[in-house]
Amino acid sequence: MTALRRAAAAGGAPAGDPRRLTLERLYKVYVSRGESLLAVRDVSLKIEPGEFVTFLGPSGCGKSTVLNMLAGLESITDGSAHQGGRPITGVNTDVGYITQDDNLLPWRTLLDNVAFPLELRGVGKGERRERAHELLRSVGLAGFESAYPHELSGGMRKRGSIARTLLVDEPVILMDEPFGPLDAQTRLLLQDELLRLWSGSGKTIVFVTHDLVEAIALSDRIVIFTSTPGTIKSIHTIDIPRPRDVFHIYETDRFTELFDLLWAELREEITKARARH
Ligand SMILES: Nc1ncnc2c1ncn2[C@@H]1O[C@H](COP(=O)(O)OP(=O)(O)O)[C@@H](O)[C@H]1O
Ligand SMILES: [Mg+2]
């Protein structure tokens, strides 16, 4: 029996499933101008295929650093990170990465921006435009295909950048405070859309936010980081059933319980981080 069949027979996803992330004793030391800074300390975590996992912690605790190591944009100082059975050593093309900036190219229309990753992969013009059209429709941007980024609102640009990442169909999506600069209403709409697009996609999402309400509304599990040097303080399963209503979730008793529990932990770390500055 092959490893794949064995795992399937056992009911679990195979160890080599590219949607699985395994972080083992990860460390990151930055060296700049002769000074070294320990940014991430001894982070071990297993993320299962299709899971929505959120990193929460005070500013500067190393959340973006961990995502950058998973994307292969920062080297790993010590320890290891694997995607499926493969160690992450260089730039990792098996993840989609949505950063706080939307990174749309100002000289390209929305359609050509969304289709850009397919262009890089050599997909023909007809096919990439067709697929970009379809995805823009699904994120509510039909009719804006020929607009340039400066003609769109912040929320629309963000939806465009999410569509662009989803189009290339990577098994893992990393999202670093993607809704950070948006107003509260737009955030809720995008959270709702994100859950809709993710549900049934089977993709793994690793999400970073400093908004506890957003973290509870979206996640299967929340990982709380300590203040710098960041390590994992605690991991919490969010047992609120899906599909979730992000507009009303905060009115439920379970939400309030989880919020109080997590806020107590988070506040401790935020207070420690503040005492340092
Ligand atoms: N390229 C870099 N060079 C030196 N120090 C860095 C670099 N990137 C981040 N840091 C430092 O590492 C720590 C963690 O940063 P970061 O991962 O951005 O935190 P977070 O995303 O949790 O706010 C911070 O002290 C930050 O100043
Ligand atoms: Mg960050």
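The structure we're discussing is the one just above.
Residues numbered from 1 in each chain as written. Chains lettered and ligands numbered in written order. Predicted model: local features only at pLDDT ≥ 70, side-chain atom pairs only at ≥ 80, totals over all residues. Heavy atoms only, no water.

Visitor: How should the sheet that holds strand E8 (residues 204-208) be read in this particular structure?
Guide: Whenever strands of a sheet pair, they do so through backbone hydrogen bonds, lying parallel or antiparallel. A sheet is described by the order of its strands in space; here 6 strands give the open sequence E6-E7-E8-E3-E9-E10, paired in mixed fashion. The open sheet has two edge strands with one neighbour each: strand E6 (95-98) and strand E10 (232-237). Within this sheet the neighbouring strands show an average axis-to-axis angle of 15°, counted without direction. The pairing of E6 with strand E7 (residues 172-176) spans 4 bridges and is classified as parallel. (Pairing = 2+ DSSP bridges. Helix = DSSP H or I, 4+ residues; strand = E, 2+ residues; numbered from the N terminus. Axes fitted to C-alpha atoms, helices over the stretch in contact; angles between N-to-C directions.)

Visitor: What am I meant to see in the nonpolar core here?
Guide: Taken as a class, soluble globular proteins show a tendency for nonpolar side chains to be buried jointly. Formed by 48 residues in total, the largest nonpolar core has its most connected members in Phe52, Met175, Leu194, Ile205, Phe207, Ile216 and Ile222. Val53, Phe55, Val208 and Phe225 belong to the second-largest nonpolar core, a separate cluster that totals 25 residues. (Core = buried A, V, L, I, M, F, W, Y, C linked by side-chain atoms within 4.5 Å. Buried < 20%, exposed > 50% of the residue type's maximum accessible area, 1.4 Å probe, protein only.)

Visitor: I keep staring at the pattern of salt bridges and nothing clicks. Help me out?
Guide: For side chains bearing opposite charge, pairing can occur when the charged atoms are close. All told, the structure shown has 22 salt bridges when counted by the stated rule. Across the pair glutamate 257 and arginine 254 runs a salt bridge whose closest N-O atoms are separated by 2.6 Å. Here glutamate 257 and its partner arginine 254 are both found in helix H8 (residues 253-276), 3 residues apart, which amounts to about one turn of the helix. Put simply, Lys233, Glu268, Glu269 and Lys272 are held in one network by salt bridges that share partners. (Salt bridge = Lys/Arg side-chain N within 4 Å of Asp/Glu carboxyl O.)

Visitor: Looking at this model, I keep getting lost on the pairing of strand E4 (residues 78-83). Mind explaining?
Guide: As a general feature of sheets, a regular strand has side chains that alternate between the two faces. Taken together, the 5 bridges between strand E1 (residues 21-32) and E4 define a ladder with antiparallel strand orientation. Counterpart to threonine 22 in the pairing with E4 is histidine 82. The antiparallel hairpin formed by E4 and strand E5 (residues 86-87) contains 2 residues in its connecting segment, where glycine 84 sits at a positive phi of about 60°.

Visitor: Sorry, what's going on with the site of ligand 1 here?
Guide: Every residue near ligand 1 is listed here: Tyr30, Leu37, Ala39, Pro58, Ser59, Gly60, Cys61, Gly62, Lys63, Ser64 and Thr65. Within the side chain of lysine 63, a nitrogen or oxygen atom sits 2.9 Å from an oxygen atom of ligand 1. Measuring from an oxygen atom of ligand 1, one finds a side-chain N or O atom of serine 64 at 2.8 Å. Bound to the protein, ligand 1 loses 63% of the 570 Å² it would expose on its own. Those elements giving two or more residues to the shell around ligand 1 turn out to be strand E2 (35-47) and helix H2 (63-70). Tallying contributions element by element places H2 first for the shell around ligand 1, with 3 residues. In terms of residue class, the shell around ligand 1 is made up of 5 nonpolar, 5 polar and 1 charged. (Near = heavy atom within 4 Å. Polar contact = N/O pair within 3.5 Å; in protein donor to acceptor, adjacent residues only side chain to side chain. Areas by Shrake-Rupley, 256 points an atom, 1.4 Å probe, with all protein chains shown as cover. Nonpolar A, V, L, I, M, F, W, Y, C, P; charged D, E, K, R; others polar.)

Visitor: How do you make sense of the packing of helix H3 (residues 110-120) against helix H4 (residues 125-138) when you look at a structure like this?
Guide: Helices that pack against each other are described as a pair by the angle of their axes relative to one another and the distance between those axes. For the pair H3 and H4, the least separation of the axes is 9 Å and the interaxial angle reads 125°. As judged from the angle between their axes, H3 and H4 are oblique. The chirality of how H3 crosses H4 is right-handed. Residues Leu110, Leu111, Asp112, Val114, Ala115, Leu118 and Glu119 of H3 form the contact with H4, whose own contacting residues are Arg128, Arg129, Arg131, Ala132, His133 and Leu136. Its residues assigned to classes, the contact of H3 with H4 comprises 7 nonpolar, 1 polar and 5 charged. (Parallel < 35°, antiparallel > 145°, perpendicular 65-115°, else oblique. Left-handed = near helix turned anticlockwise from the far one by under 90°. Contact = heavy atoms within 4.5 Å.)

Visitor: Help me understand the packing of aromatic side chains, please; the structure alone is not making it clear to me.
Guide: One pair of aromatic rings is described through two measures. These are the centre distance and the angle between the planes. If you walk through the whole model with that rule in mind, you get 5 aromatic pairs. Here phenylalanine 52 and tryptophan 198 contribute two aromatic rings whose centre-to-centre distance is 5.3 Å and whose plane-to-plane angle is 90°, an arrangement assigned as edge-to-face. In this pair, phenylalanine 52 sits in strand E3 (residues 52-56) while tryptophan 198 sits in helix H6 (residues 184-198), placing the two residues 146 residues apart along the sequence. The pair formed by phenylalanine 52 and tryptophan 198 is uniform in burial state, with each residue classed as buried. The class of phenylalanine 52 is buried, set by a relative accessible area of 0%. (Phe/Tyr/Trp six-rings, centres within 6.5 Å; stacked < 30°, edge-to-face > 60°.)

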